[in-house]
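The chain contents come next:
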Amino acid sequence: MRYSIFSLARNAATHHENWPLAWRSPEPKPAYDAIVVGGGGHGLATAYYLAKEHGISNVAVLEKGWLGGGNTGRNTTIVRSNYHLDPNEHFYEFSLKLWESLSQELNFNVMYSARGVLNLVHSPVDMDAALRRGNAMRLNGIDAEFLSRDEIAAWIPALDTSPSARFPILGGLLQPRGGTVRHDAVAWGYARAADARGVDIIQNCEVTGIRIENGAIAGVDTTRGSIATRKLGIAVAGNSSRLAAMAGIRLPIESHVLQAMVSEPIKPVLDTVVSSGAVHFYISQSDKGELVMGGDLDFYNSYAQRGNLPALEHVVAGCLALFPSFGRLRQLRSWGGIMDMTMDGSPIIAKLPVGGLTMTGGWCYGGFKATPASGWLHAYTMARGEPHPLNAAFTLERFAEGRMIDEKGAGPKPGAH
Amino acid sequence: MLLIPCPWCGARNQIEFTYGGDATLKRPPPDAPQEAWYEFVYLRDNPCGPHDELWLHSAGCRRWFKVRRDTRTHDILASARPDQALPGGPT
Amino acid sequence: MRQSHRLAAGGVVDRSRTLGFSFDGAAYEGHPGDTLASALLANGVHLIGRSFKYHRPRGIVTAGADEPNALVQLARGARTEPNTRATQQELYEGLSAESQNRWPSLSFDLGALNDVFSPLFPAGFYYKTFMWPPGPRWWLKYEHLIRRAAGLGRAPREPDPDYYQHRFAHCDVLVIGGGPAGLAAAQVAARCGARVMLCDENAAFGGSLRGDATPIDGAPGTSWVDARIGELGANGDVTLLPRTTAFGYYDQNLIGLVERVADHLPEPPPFTPRQRLWHVRAGVVVLASGALERGIAYAGNDLPGTMLAGAARVYVTRYGVKPGTRAVIFANNDSAYDAAMRLHEAGIAIAAIADARPEAALSGEYPQRARAAGMPILPGGAIVAAHGRLRVAGVDLAPLGGGAARRVDCDLVCVSGGWNPAVHLYSQSRGKLRYDDALATFVPDASPQAIVAAGAANGKSDLSAVLTDGHAAGLAAAARAGFAARTAQSAPVAAVVSTGALQALWSVPSRRSAKCFVDWQNDVTVADIALAAREGYRSVEHLKRYTTLGMGTDQGKTANIVGLALLAAELGVSIPQVGTTTFRPPYTPVTMGTLAGHEVGANLEPTRYSAMHDWHVEHGARMLNAGLWKRPHSYPRPGESEDDAANREAKNVRSNVGVVDVSTLGKIELQGRDVAEFLNRVYINRWDTLAVGRCRYGVMLRDDGMVFDDGTTSRFAESHYVMTTTTLNAVNVMQHLEYLLQVEWPELQVFATSVTEQWAAAALSGPMAREVLAGLVSIDVSNAAFPFLAVGECELIAGAARIPARLFRMSYSGELAYEIHVPVTHGRAMWEAVIAAGAPFGIMPYGTEAMSTLRIEKGHVVVGPEADGRTTADDLGLGKLVSPAKACIGKPLLARPALTAPERWQLVGLTAIDGTIPRGGKLVADPEQAAPIPMQGHVSSWCWSPNLGASIGLALLARGRARHGETLWAVSPLADARVKVRVGPPCFIDPEGERLRV
């Protein structure tokens, strides 16, 4: 059934008792043309685009828990394409363009809110770097503006723009088309759309082994039986190393915990997304009224999906440094996700050294905003057996070749990206 | 909050320490083939479970040491000086 | 009539004093000991707020942290606080509160139109609509309206005037919860000799015993509590923390507590924090957090005047308040009858008790007493609907299995569906829960951390069992912490009350158009849960996110179990199969200021000052942040802009002499037999050839071959070297060296010590530098005696004083220059001596801006702009420094194909042909073409050069070294700027370095 105000009104008349299932819960078949491991946004998007763009609908998405229950349900919902290096700029801009029409594409309101993403600068060095990045964006045809401190003060009155701040704000780089998207809606929207095209979404099905014959994928072993396939795509960022290990592959990835939190809901007080490099912090206000915020990693390997107090305290301290009037608001929920931190801070969307095996992972902080493009390009790579120009640079081999894509310049230290 | 057992100072709060990553890596000799250096610098086991890792007691004695910590539960299982082995492991 | 519903006696309130307060502008009175909720009820006020989505009128439901409805905007001005739970806020004189989320008023709220149109707004409706017209613009318009309707209270507009403290504490046993179980546990653990901390979220200890005279060990419960607190308070090894909530359980038994030091006062007393965050490392935790009551969903179960039965009991016994005059009770368990008895004793008429259970289940002591008191009991009965508008006026009672309903008038409905142990912290400790059929809820099972649950939190219902369980937990905790009881310790005793079994009931069937609320705050109904299941949102996490059940400020404390039980019924599976959502911190919301603690304002990060800081400020320097340091940007004279000052300073260095404070540079002492070998391994160039009394520029690579840091290292004696690093990387380099020496190469005998803060340093630069220095130091600084790159120890003459100093003849500016390092306590004296000695030669202090101009003129690369983590030594023109004769860190991976490719971006100099090189400019061939315009490089540093009279810069440009003489465009679309530039070598002045060597 198509979602619209009309179907909503029609169903209201029958007490909403006739809405159909958003997605089926089928039993896994013995074989599929393609299997995607990971029922988060990236995996579900991959399956959707396999069906939609490549006519491959005999696809299973295998999810060890409940779809969208991993990082897709745990991020701070920011979308943007304000990167510096060409491969990232082109990739994330492709993703942003997909975000712009995704609600209509999926017939599911993902609430893409182009409210802007503002990166504050606090030092001349920050300013130079931000200007370089903004200029690169503009030369690539991506929207970017530099705002003065006074313009920022007028737009965001809650921000401390005074010269007496510990790290005074000098200005900021704004991407007007950046903003937020409702994260749960992305998982559910892609799931419903993929299911409608014949994709089987198998939840509570954990992959326990990958079967390889003659150097090529033959299938997977799972907690719900063995399933055969010749095309296997891994979309489990956070757990990429564990899946790759099943295929005998080591990755340039450390899994780290990233915490985030929300405040209690309050009336509108912040109309854009604000981030700061000096205090390592980012914040926006959800449509429910909650302030959603996050900052640095905890800085140790973890698969626990939770962190410890010091990291959270630093995030909140960063928040209050920028927004001193938020001190009396209360933190309502805090949680953690598992981030695939790579050795250059950029992702891996590529074929792996086993025939028919691909992955999309290594997303570091960039995973949520990458969802549509990651799915689209991963599907392309799976279907065609070759990368698309937009993901051609994001190979596993780039590290051995010296072609790192390192936005921060931090080098082979995953936690530093 | 992690309670990290510095072999010299005893168990201290995590805020006194800096993380150093995988402790099982072996620096290849300078003339080793590229492949060995690539693996050393870039590839990681990244286990879900017991992980031998390096920590620096940066706000204390400023010594580096090894800890075995379970990355799934954050349980701390053992610690050792750099020249000692963690239980059942190589030095 | 004042306090129309206050009982003449009873409870913990102090009737001898009256407190005035206001709610929505109306003035009321209460007493010390009241919460805002109890005081409002005492004044007969039940309508407290409007629900989140439907804006339905709502009243007080609970008496504690689990309150979903009674949220108020507390106080005004800078101390205003949204979403404050009236059930927890202690009353103080002059308290002012307002209801939230309503316009124009609480009793007439236009938002209630949402309720009228509610069929269009079921759970998740926003995912199904708002997609037309297409395009981001339209969603922004919809969102604008939605956001105004959403949210509850308002954020303050001024900075928080209060401050917050952090504390760290250790104890052997932390008891969370000071009710009967917690007090029993704390008491016995303390008697066993353990260090005990006991916290309770209320103002006073006692928990369910507050205001309750039920006998324990023969004395009234209240006296038993007083005796426990007396004994514990007198014990020096016990810390009592009232008004303190344990909110988070972290690794290795670290528990976060929030102590509300001053929230019961209009403002904190002087020198007192408003709240305190305790980080407690406990040997063992006893979780005596009690149990939270749940309701039963029926049509109209959200009218003001509807509350949980246990809460009604608390208002009567603890606060001496009548929550109504005529009550209907609806329950499935015996505890509601105890509540009914208390209400009855307080003079509230009990119009009916509808008990979902059959007659045979009502054999317990409490139902018997109620029957004996003449209360009308309806076994197998239920409330099928409630009536009223802003207050409940009556309910329809009917048999659960179906049958005719009859109306009963009432102004108070007390509901009890059972009790859920407050297992949140247990689950946060990674403890497993198990489903208890008898209690129809989850109870603690086992935890890998050192925690034991006790009392109601452990599934015990009856006071006698609670006390025994608490006592046992305290003994076990103390023993586990190493404090086994040395003498026999007997548990406190209360009479055992015979209790009938509970019968699970989650909702009452109703008309399809009726609303039966499960989550009051977020307006989640039984129908919403059915809808979620129908559409496939079948995991408990999906249910929560789709319907928003449990996502309000009350975190679903009254709603979650009911919700998942209803989901289980919809799916036809058992409740344990559905399971619970993940319990995460905080248990109740925590003020952000409390989490930040001291790290606010200037204390966000430490500020590092040079020894000469005050001199700079006194002499008009404009200070800026360089990382954590404060450094002078320039020293503008009156009427001079900063740019003019920097240009003046830079020009002066090349024509006369200048001095700059370089104290922030990293400095590391390296001593030992193997320092030269160590330097050979960490730097690209060779160090075994460095003679005593000489220094050398060095570059360090990361293991991946990229430039990491640069600096100079000097040799003062056979085995004594001093390394400098950049300011930015001082900490990182030190850590890197320590790691190499301790982990990788322990066989090297090298001792490394950071001395960044021990030495103040100044760089004296310019053609007159030697003249200035000659009279200032005790050694011969002629070119022959102290040539370029010489180092040595000497004394600095500052008036009568002789300051030990290190002298380095190295130059960042490209002029004749010396760095003078003195022990930090002599920094200012050294600086003043240099300024005085330089006065006849036109010395000027210069700041980081002039320093930058000078180094750009010379083409020196800087970590950050040029050495940006993506460049090799060769990219920066330093390839020749890489010694072929030895290995070093980073060399092996430098051989990777992409790192030696000819199209790499290489360091070049740029001179503007017309205009000013734009900041952050990118280098392109044709700025007119349509985007995407290929970028061939970027401007990494830029300045106006007063010494050249031109706008110059350094840049990284593809194949740069082969392109000297070419013209390109440096463009900044952000600044709408495009400038033609000529590419050339990066050094603009004295490329042969003659000025250095005079």
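One structure accompanies this document, and this report is about it. The model shown is predicted, which means the values in this text are computed figures rather than measured ones.

Parameters and conventions
- Residues numbered from 1 in each chain as written.
- Chains lettered and ligands numbered in written order.
- Predicted model: local features only at pLDDT ≥ 70, side-chain atom pairs only at ≥ 80, totals over all residues.
- Heavy atoms only, no water.
- Helix = DSSP H or I, 4+ residues; strand = E, 2+ residues; numbered from the N terminus.
- Buried < 20%, exposed > 50% of the residue type's maximum accessible area, 1.4 Å probe, protein only.
- Contact = heavy atoms within 4.5 Å.
- Buried area = accessible area lost by both parts, 1.4 Å probe.
- Salt bridge = Lys/Arg side-chain N within 4 Å of Asp/Glu carboxyl O.
- Nonpolar A, V, L, I, M, F, W, Y, C, P; charged D, E, K, R; others polar.
- Pairing = 2+ DSSP bridges.
- Axes fitted to C-alpha atoms, helices over the stretch in contact; angles between N-to-C directions.
- Parallel < 35°, antiparallel > 145°, perpendicular 65-115°, else oblique.
- Left-handed = near helix turned anticlockwise from the far one by under 90°.
- Phe/Tyr/Trp six-rings, centres within 6.5 Å; stacked < 30°, edge-to-face > 60°.

1. Here we look at the environment of Met382(A)
Residues and elements named next belong to chain A. Among the structural elements, Met 382 can be located in helix α10 (residues 367-384). In this structure Met 382 comes out as buried when scored by relative accessible area, which is 4%. Residues Met 382 and Ala 350 lie 32 residues apart in sequence; the distance between their C-alpha atoms is 8.8 Å. Setting aside residues no more than four positions away along its own chain, Met 382 makes contact with Ala 34, Ile 35, Val 36, Thr 46, Leu 50, Lys 231, Leu 232, Gly 233 and Thr 358.

2. A word on the interface of chain C and chain A
Contacts between the two partners involve 121 residues from chain C and, on the opposite side, 112 residues from chain A. Across the interface of chain C and chain A, roughly 9,900 Å² is buried in total on both sides, 58% from carbon and sulfur atoms. Our count for the contact surface shared by chain C and chain A stands at 9 salt bridges. Its salt-bridge partner being Arg328(A), residue Asp160(C) comes within 2.8 Å of it at the nearest N-O pair. Top element by residues in the side of chain C that touches chain A is helix α3 (residues 136-149) of chain C. It accounts for 8 residues. When its residues are assigned to classes, the side of chain C that touches chain A shows 59 nonpolar, 31 polar and 31 charged. Two elements, strand β17 (residues 330-342) of chain A and strand β31 (residues 590-591) of chain C, share 2 bridges in a ladder whose sense is antiparallel. Counterpart to Gln331(A) in the pairing with β31(C) is Val590(C).

3. A short note on the packing of helix α17 (residues 642-655) of chain C against helix α22 (residues 848-858) of chain C
Residue and element names in this part refer to chain C. With their axes 8 Å apart at the nearest point, α17 and α22 run at an angle of 55 degrees to one another. By the criterion of interaxial angle, the relationship of α17 to α22 is oblique. Once α17 is placed against α22, the crossing between them reads as right-handed. Facing α17, whose interface residues are Ala 646, Glu 649, Ala 650, Val 653 and Arg 654, α22 presents Glu 849, Ala 850, Thr 853, Leu 854, Glu 857 and Lys 858.

4. Some details on the packing of aromatic side chains
All names here are of chain A. Counted according to the given criterion, the structure contains 43 aromatic pairs over all chains. Note on Tyr 48 and Tyr 49: the rings are 5.0 Å apart at their centroids and 70 degrees apart in plane angle, and the pair reads as edge-to-face. Taking relative accessible area as the criterion, Tyr 48 reaches 2% and is therefore assigned buried. Arranged with centres 4.1 Å apart and planes meeting at 5 degrees, the rings of Tyr 83 and Tyr 92 form a pair that is stacked.

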